[in-house]
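# Per-entry structural report
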Amino acid sequence: MIKISYDDIIRKIKEEKKISDEEINSKIEKKIEQLAGLISREGAAHIVAHEYGVKVFKEGAMKISEILSGMREVEINAKVLTVFGVVSFKKESREGKVASFLVGDDSGKIRIVLWDNSHISFIENGQIREGSVIKIKNAYVKDNQNGLKELHLGEKSELILNPDNVEIKEISSVNNAVFSNLTVKKINELTENDRSVAIRGAVVQVFEPRFYEMCSECNRKVVLEDGQHKCSVHGAVNLRYGIVSNFVLDDSTNTIRIVAFREAAEKFFHLNNDELMAIRTNPGKFEEIKENLFGRLVEVKGRVIKNIIFDRLEFNANNIEDLKAEVLLKELER
C-alpha cells in the first residue's frame, strides 16, 4: 500500500489550486459523510484531490524525496554515489545474484537493488561506477528491515546509462529522504525493534574515531590473506578506509551511545572524507576539534541496535543534523 500522509495530500491540493484549508476540509468531511464513515480521512482526501484534478502522485521522472513506500512504476534520474557490488545467494527455493548501489539527486539519496541478470551485468562489467548518471524506469519501492526505502528493479524495469539530456549537478547531503514512517522518540522510549526513528539531544561525550580497511569496489570490509587484502566478492583489491565514530547523546530522559559510519560521521564532525582521513594519520588533529563537539544539539536519524557484549541498546545513525536550541526546547516542552 502506498503511504502518503493526510497533511501531504492537503498540501498538494493547496499548492496547485490555491484554496483554503476550510474549503478542502469541508469537502473531505462531506465525502466521509456521503460514504457513511466507511473511508479514512486519507482515503477521502485522495478522492477530493482527484475531484479537484490534483495528481497526488507525480507522473514521469520524480525526485528521490518524492518516493513513497509501496509505489510502483517509479522513474528517477540520479547519479551513482557508491557501488556495493554483486552477491550470490542460495536458498531452498531459488538461487541467483543480487546487486545494489546508492544514488542521489538534489533532494536525497536512495539504495537501488538489482535482481535481473541483465541489469546486474552493468555492475559486473564495470559500466556502473561512482559518478555514473542513470535513468531508472518501472521500478518499485520496498521497505528494508531497517525501515528504509529501497528502489528495486525486476525484469520489467529499465536501467539506462548516461541518458540523453539528463544532468545531475548537485547531490543533497540530506539522507532523510530515504526514510519511511520516520517517528521522533525520546531516548527512554526507544526499543530494540525501532528501525526508523529520530532522536534529539545534546552531545555529552565523544570518542576518538576508528578506521577500518574496506574494498575499493564495494566498500565491504577486507581481510589480509597471503600478503593481499581480499574482499569476499572481488578478491584481491586496492584499499579504501572507512570511518566509524561514537558519541553519547543526552535528551534529559536518558543517554544513548550513537554509532556513525562514513557519511554520517562526516555530518557529525562537519568534515569531508579527506579531512577525516587526515585524522587517521595524525590522531592529534582529533583533539583540536573534539572540544567543539561537546554540547552540540543534534537530531540523529537511524535505527536501534542491541550491543550483545555490553547488553545495552545503541543507535546506528544514518543521518545527523545540527538542531537549533529553540527547536529542541519546544520538543521538550511538548
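Here the structure is shown first, and the text comes after it.
The structure presented is a predicted model; accordingly, all values stated were derived computationally and were not measured.

By the secondary structure assignment, A45 is in helix α3 (residues 41-52). Taking relative accessible area as the criterion, A45 reaches 0% and is therefore assigned buried. Here the alpha-carbon distance between A45 and E29, two residues 16 residues apart in the chain, equals 9.2 Å. Those residues in contact with A45, other than ones at most four positions away along the chain, are Y6, I9, I13 and I28.

Phi is mostly negative for residues that are not glycine, and the peptide bonds are mostly trans. Even without being a glycine, N162 presents a positive backbone phi close to 45°. Tracing the backbone shows N162 in the loop between β6 (158-161) and β7 (183-184). Overall, N162 belongs to the exposed group, its relative accessible area being 58%. Phi at D311 takes a positive value of approximately 50°, unusual for a residue other than glycine. Here D311 lies in the loop between β15 (297-307) and β16 (312-322).

Here we come to the pattern of salt bridges. The full count for this structure, using the stated rule, is 17 salt bridges. Across the pair R11 and E15 runs a salt bridge whose closest N-O atoms are separated by 3.2 Å. Taken together, the residues span about one helical turn, with R11 and E15 both in helix α1 (residues 6-17) at a distance of four residues. Owing to a relative accessible area of 44%, E15 belongs among the partly exposed residues under this scheme. Close ionic contact of E321 with K267 constitutes a salt bridge, the shortest N to O distance being 2.9 Å. Of this pair, E321 sits in strand β16 while K267 sits in helix α5 (residues 262-269), placing them 54 residues apart in sequence. The partly exposed category is assigned to E321, whose relative accessible area is 24%. Accessibility expressed as a relative area gives 19% for K267, which makes it buried. Connected through salt bridges with shared partners, the residues D8, R11 and E15 form a single ionic network.

What follows is about the packing of α1 against α3. α3 packs onto α1 with a crossing angle of 15° between their chain directions and a minimal axis gap of 9 Å. In terms of axis orientation, α1 runs roughly parallel to α3. Relative to α3, the crossing made by α1 is left-handed. In this structure, α1 uses Y6, I9, I13 and K17 to contact α3, whose residues at the interface are R41, E42, A45, H46, V48, A49 and Y52. Residue classes in the contact of α1 with α3 are distributed as seven nonpolar, one polar and three charged.

Where α1 contacts helix α2 (residues 21-34), the two axes come as close as 10 Å, and the packing angle between them is 125°. It follows that α1 is oblique to α2 by the angle criterion. Between α1 and α2 lies a crossing whose hand is right-handed. Contact residues: α1 offers Y6, I10, I13 and K14, while α2 offers D21, I24, N25 and I28. Residues that form the contact of α1 with α2 fall into these classes: five nonpolar, one polar and two charged.

Right, let's get into the pairing of strand β14 (residues 255-261). In this structure, strand β13 (residues 239-250) lies alongside β14, joined through seven bridges in antiparallel fashion. By the bridge assignment, N246 is partnered in β14 with V259. Turn length for the β13-β14 hairpin, with the two strands adjacent in sequence and antiparallel, is four residues, and the turn residue S252 shows positive phi of about 85°. Relative to β16, β14 runs parallel, the two being bridged by four bridges. Considered in β16, the bridge of I258 is made with F315.

Here we take up the nonpolar core. Counting residues in hydrophobic clusters, the biggest one holds 28 residues, and the most contacted among them are I76, F101, V103, I112, L114 and L151. Counting only elements with at least two residues in this core, the list comes to β1 (74-90), β2 (95-104), β3 (109-114), α4 (117-124), β4 (133-143) and β5 (149-153). Broken down by element, this core gets its largest block of residues, six residues, from β1. Those residues within four positions of L151 in sequence are excluded, and the remaining contacts are I67, V74, I76, I110, R111, I112, V113, I136, A139, Y140 and V141. Core analysis: the next-biggest nonpolar cluster, separate from the first, contains 27 residues, A260, A264, V304 and F315 among them.

Turning to helix α6 (residues 273-281), its buried residues are L276, M277 and I279. End-on view of α6: buried residues confined to an arc of 145°, all on one side of the axis. Exposed residues pointing more than 90 degrees away from the buried face of α6 are listed as D274 and T281.

Scoring rules and cut-offs
- Residues numbered from 1 in each chain as written.
- Predicted model: local features only at pLDDT ≥ 70, side-chain atom pairs only at ≥ 80, totals over all residues.
- Heavy atoms only, no water.
- Helix = DSSP H or I, 4+ residues; strand = E, 2+ residues; numbered from the N terminus.
- Buried < 20%, exposed > 50% of the residue type's maximum accessible area, 1.4 Å probe, protein only.
- Contact = heavy atoms within 4.5 Å.
- Salt bridge = Lys/Arg side-chain N within 4 Å of Asp/Glu carboxyl O.
- Axes fitted to C-alpha atoms, helices over the stretch in contact; angles between N-to-C directions.
- Parallel < 35°, antiparallel > 145°, perpendicular 65-115°, else oblique.
- Left-handed = near helix turned anticlockwise from the far one by under 90°.
- Nonpolar A, V, L, I, M, F, W, Y, C, P; charged D, E, K, R; others polar.
- Pairing = 2+ DSSP bridges.
- Core = buried A, V, L, I, M, F, W, Y, C linked by side-chain atoms within 4.5 Å.
- Arc of directions from axis to C-beta.

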